[in-house]
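Chains, contacts and geometry: an overview
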Amino acid sequence: MHGARVETNAVREVAAAAIIVGGRLLLAQRVAPPELAGMWELPGGKIEPGESPAQGLRRELREELGVDTVVGDRIGVDVPLPKGMVLRAYLVSLCDGTPTALEHSAVRWVTGPELAAADLVPNDRAWLAELMAVLRAE
Ligand code: CDP
């Protein structure tokens, strides 16, 4: 072993929020990279070292949407990302604030049928069935 590099075994997580209010799910429209710009995603981002997924996701949602939230249970599968990262979705409740597109080009609330028809980023399509089931149960 050559010990010069400090490495961590922790898988780097990207956490995304399923915020559902009154039978509608919040989607946010990406501005970058070019191949994803204009497509819709569950808002979120990379968890920083030292943060729990819940802490990191709350921070991302404050930065991106200007809202206070409570992060709940996981939903759907782990989606593998490049560079050993993993994408996970969480059910999230709004505590305070109105979601505003601070880092996206727009936000919108969708019903199940609208979600099914939305131009979602490819990774988030992995959660479509579970999200539709939660929306139906609302
Ligand atoms: O904001 P931050 O740079 O921390 O993260 P990001 O650029 O929004 O997301 C990190 C990676 O996760 C990118 O490759 C995104 O495309 C991906 N991602 C995704 O596929 N689906 C989401 N709902 C959120 C992020």
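Named according to an unreviewed UniProt entry, the chain is 8-oxo-dGTP diphosphatase originating from Rhodococcus oryzae. Here the chain is described in UniProt, under the heading Cofactor (unreviewed entry), as follows: "Mg(2+)". As stated in UniProt under Catalytic activity (unreviewed entry), the record for the chain gives "8-oxo-dGTP + H2O = 8-oxo-dGMP + diphosphate + H(+)".

1. Details of the pattern of salt bridges
As a working rule, side chains carrying opposite charge can pair if their charged atoms are close by. For the structure on display, the rule yields 11 salt bridges. Note that R88 is salt-bridged to E13, the shortest N-O span being 2.9 Å. You can see R88 sitting in strand β6 (residues 86–96) and its partner E13 sitting in strand β1 (residues 13–21), a full 75 residues away along the chain. By relative accessible area, which is 22% here, R88 ends up partly exposed. The buried category is assigned to E13, whose relative accessible area is 7%. With a closest N to O distance of 2.8 Å, E41 and R30 form a salt bridge. Of this pair, E41 sits in strand β3 (residues 40–41) while R30 is found in the loop between β2 (24–29) and β3, placing the two residues 11 residues apart along the sequence. Given the relative accessible area of 27%, R30 is considered partly exposed.

Here is what the cut-offs are and how they apply
Residues numbered from 1 in each chain as written. Predicted model: local features only at pLDDT ≥ 70, side-chain atom pairs only at ≥ 80, totals over all residues. Heavy atoms only, no water. UniProt positions renumbered as here; feature names shortened; annotations may be inferred. Salt bridge = Lys/Arg side-chain N within 4 Å of Asp/Glu carboxyl O. Helix = DSSP H or I, 4+ residues; strand = E, 2+ residues; numbered from the N terminus. Buried < 20%, exposed > 50% of the residue type's maximum accessible area, 1.4 Å probe, protein only.

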